[in-house]
Structures are given as structure tokens and as C-alpha cells.
Amino acid sequence: MKISVDPERCYGSGDCVYRVPSVFTVVDGFGAVLPGREDDGDDPAVRRAAEGCPSQAIMLGRQG
Ligand code: SF4
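Please read all numbers here as calculations on a predicted model, not as lab measurements.

Student: Explanation requested: the site of the ligand in the structure shown.
Tutor: Surrounding the ligand, one finds 13 residues, the nearest of these being Cys10, Ser13, Gly14, Cys16 and Cys53. Residues belonging to the shell around the ligand are distributed by class as follows: seven nonpolar, five polar and one charged.

Right, dumping it as C-alpha cells:
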């Protein structure tokens, strides 16, 4: 499943990086998905990170 971060919602808390540093990073103050990890949305840790994002900026879905 595709992972994406909505930059309109993200305020750079870094929670996602703290939870899953192998998938998320912070670029210019915003959460981002590391290159090559965009399809790791089925990982339960990624799902938890999405649920735990304080601004619900992490989207999991079949498209971008
Ligand atoms: S947890 Fe959410 S608000 Fe915080 S950096 Fe990640 S995507 Fe942005």
C-alpha cells in the first residue's frame, strides 16, 4: 500500500520518524517517506505511525 504525507497537514512533529525511522524522515521540517519505502504501507508499524500522526497527515492507500 502506498504511503504519502500531506504537506498541508503535516507540521513536522517528527512522531513518524521516531516510530519508524526506517521508513520516515523529515525534510525541510516536514515528514517525508524515504526513497524506496513508498510501498511499505502494509507494515503494521507504518499503520501505527499513520494512526499516531497528530495531524493525520499520513495517508495509506493504493494511489499516491
Ligand atoms: S507524525 Fe505527522 S505531523 Fe509529525 S512529522 Fe510525521 S507526518 Fe508530520
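What follows continues from the structure just given.
Student: When you look at the side chain of Ser55 in this model, what are you seeing that I'm missing?
Tutor: Its place among the elements puts Ser55 in the loop between helix 2 (44–52) and strand 4 (58–61). With relative accessibility at 19%, the residue Ser55 sits in the buried group. If we skip the residues at most four places from it in the chain, Ser55 touches Arg9, Cys10 and Tyr11.

Student: Would you take a moment to explain the pattern of salt bridges for this structure?
Tutor: Two side chains bearing opposite charge may form a pair once their charged atoms approach each other closely. Overall, the coordinates contain three salt bridges when judged by the stated rule. The partner of Lys2 in a salt bridge is Asp39, with the nearest N and O atoms 3.4 Å apart. Note that Lys2 is positioned in strand 1 (residues 2–5) and Asp39 in the loop between strand 3 (30–33) and helix 2, a separation of 37 residues in sequence. For Asp40, the salt bridge identified is with Arg37, shortest N-O distance 2.6 Å.

Student: What exactly am I supposed to notice about the nonpolar core here?
Tutor: A general trend in soluble globular proteins is that nonpolar side chains are found buried together. Ranked by size, the top nonpolar core spans 13 residues in total, and within it Ile3, Val20, Val23, Phe24, Val33, Val46 and Ile58 carry the most contacts. Ile3 has contacts with Val23, Phe24, Val33, Arg37, Glu38, Asp40, Gly41, Val46, Ile58, Met59 and Leu60, leaving out every residue within four places of it along the chain.

Conventions and cut-offs
Residues numbered from 1 in each chain as written. Predicted model: local features only at pLDDT ≥ 70, side-chain atom pairs only at ≥ 80, totals over all residues. Heavy atoms only, no water. Near = heavy atom within 4 Å. Nonpolar A, V, L, I, M, F, W, Y, C, P; charged D, E, K, R; others polar. Helix = DSSP H or I, 4+ residues; strand = E, 2+ residues; numbered from the N terminus. Buried < 20%, exposed > 50% of the residue type's maximum accessible area, 1.4 Å probe, protein only. Contact = heavy atoms within 4.5 Å. Salt bridge = Lys/Arg side-chain N within 4 Å of Asp/Glu carboxyl O. Core = buried A, V, L, I, M, F, W, Y, C linked by side-chain atoms within 4.5 Å.

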